[in-house]
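# Residue-level structural notes
The chain contents come next:
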Amino acid sequence: MDPQTATLTLASLISNSNPQSNSTDQLNDSANQPLPVARRITPFDTRVYSLLLQIPPGSFTTYSILSKSLNSSPRAVGNSCRRNPFAPTVPCHRVVASGGSLGGFKGEHLSKIVKTTASSDKEISRTTKKTLLTLDQKRNLLKKEGVRFDLTGQKVLGTPYAGFKCTL
């Protein structure tokens, strides 16, 4: 995806995930269902996600290459990928370690659930964990997109994508 389209796609994803207001006209009082509240997307996350959208399907890049494009560290990029609430639309699964391995963590995304009861204006909130991609799921997504692996299935083969254009 070209950088301009990536930026527009990301802006749309972020605007559609903004927390809902607590006004009574937006609550589903009859069902009394919890409202998901999106975590805050930092400016750094926005820059990372914008670059992730530039990686073509069937390609991969490394945390190191991404970090150099952002003047940051591979660990910071990895943490941003781990917290990615838009996966797999924003394809963090296309980022691997420099040696070609898939990486060594399974991320969790913390979500805050806010519930307002119909009988009172009192809010009840709790934090829940949503487990993100496992390494097997990451491998399967990459294989489905056409990324090749070594005979053990543990390392990607080929040249990492490095054609990033920072627009933010």
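Scroll up to find the structure this text is about.
In this convention, every chain numbers its residues from 1, walking through the sequence in written order. Local features in a predicted model are, by the rule used here, given only for residues with pLDDT of at least 70; side-chain atom pairs are given and counted only at 80 or more, and totals for whole chains, interfaces and linings are based on all residues. Excluded from the side-chain calculations are hydrogens and water; all other atoms, namely the structure's heavy atoms, are used.

The next point concerns the overall build of the protein chain. In this description a helix means any DSSP run of H or I spanning at least four residues, a strand means any run of E spanning at least two, and both kinds are numbered starting from the N terminus. Across its full length, the protein chain carries five helices and seven strands. Accessible area is worked out with a 1.4 Å probe on protein chains only. A residue is then buried under 20% of its type maximum, exposed over 50%, and partly exposed in between. Here the protein chain, with 168 residues, has 33% of them falling under the buried criterion.

In this section: helix 1 (residues 3-16). With 14 residues, helix 1 should cover 20 Å at 1.5 Å per step; its first-to-last C-alpha distance of 20 Å lies within 8% of that length. Every buried residue of helix 1 is accounted for by Pro3, Ala6 and Leu10. The buried residues of helix 1 occupy an angular sector of 55° when projected down its axis, which confines them to one face. Pointing more than 90 degrees away from the buried face of helix 1 are the exposed residues Gln4, Leu8 and Asn16. Residues of helix 1 that are buried sit in contact with helix 2 (43-52). Take the residue count of a helix, subtract one, and multiply by 1.5 Å to get its expected span. Note that the arc is computed from the directions linking the helix axis to the C-beta atoms. For this analysis, residues touch if any pair of their heavy atoms sits within 4.5 Å.

Looking at helix 5 (residues 135-145), one finds that the buried residues are Lys138, Arg139 and Leu142. Down the axis of helix 5, the sector holding all buried residues measures 100°, keeping them to one side. Those residues of helix 5 that are buried lie in contact with helix 3 (63-70), strand 3 (95-96), strand 6 (148-149) and strand 7 (156-157). Of the residues one or two after helix 5, Gly146 is the one with positive phi, at around 105°.

Any carboxyl oxygen of Asp or Glu that lies within 4 Å of a side-chain nitrogen of Lys or Arg is treated as forming a salt bridge with it. Enumeration according to the criterion identifies three salt bridges in this entry. Asp45 is the partner of Arg83 in a salt bridge, and the nearest nitrogen-oxygen pair spans 2.9 Å. On the criterion of sequence distance, the pair formed by Arg83 in the loop between helix 4 (74-82) and strand 3 and Asp45 in helix 2 is long-range, its members being 38 residues apart. According to the relative accessible area criterion, Asp45 is buried, its value standing at 0%. We note a salt bridge from Asp136 to Arg139, for which the minimum N-O separation is 2.7 Å. One end of the pair is Asp136 and the other is Arg139, both in helix 5 and three residues apart, which spans about a single turn.

The next subject is the nonpolar core. Nonpolar cores are built from buried Ala, Val, Leu, Ile, Met, Phe, Trp, Tyr and Cys residues. Side-chain atoms within 4.5 Å join them into one set. Tyr49, Leu52 and Cys81 are the most contacted members of the largest nonpolar core, which totals 19 residues. Listing elements by their share of this core, those giving two or more residues are helix 1, helix 2, helix 3 and helix 4. Counting residues per element, this core draws most heavily on helix 2, at four residues. In contact with Leu52, other than residues within four places in its own chain, are Leu66, Cys81, Val90, Pro91, Cys92 and Val95. If you look at the next biggest cluster of nonpolar residues, it comprises seven residues, including Val96, Leu102, Phe149 and Val156.

So, about the side chain of Ser67. Within the secondary structure, Ser67 is located in helix 3. For Ser67, the residues in contact, after removing those within four places along its chain, are Ser72, Ser73, Pro74 and Val77.

Axis lines are fitted to C-alpha atoms, over the contacting stretch for helices. Their N-to-C directions set the angle, which ranges from 0 to 180 degrees. Packing of helix 2 against helix 4 leaves a shortest axis separation of 10 Å and a crossing angle of 85°. Taken together, the axis directions place helix 2 and helix 4 in an arrangement best described as roughly perpendicular. Contacts from Phe44, Asp45, Val48, Tyr49 and Leu52 of helix 2 reach helix 4 at Ala76, Val77, Ser80 and Cys81. Side-chain classes are defined by residue name, with Ala, Val, Leu, Ile, Met, Phe, Trp, Tyr, Cys and Pro counting as nonpolar, Asp, Glu, Lys and Arg as charged, and the others, Gly among them, as polar. A breakdown of the residues in the contact of helix 2 with helix 4 according to their chemical character gives seven nonpolar, one polar and one charged. Orientation labels follow simple angle bins: below 35 degrees gives roughly parallel, above 145 gives roughly antiparallel, 65 to 115 gives roughly perpendicular, and whatever is left gives oblique.

This is a description of form; function is not addressed.
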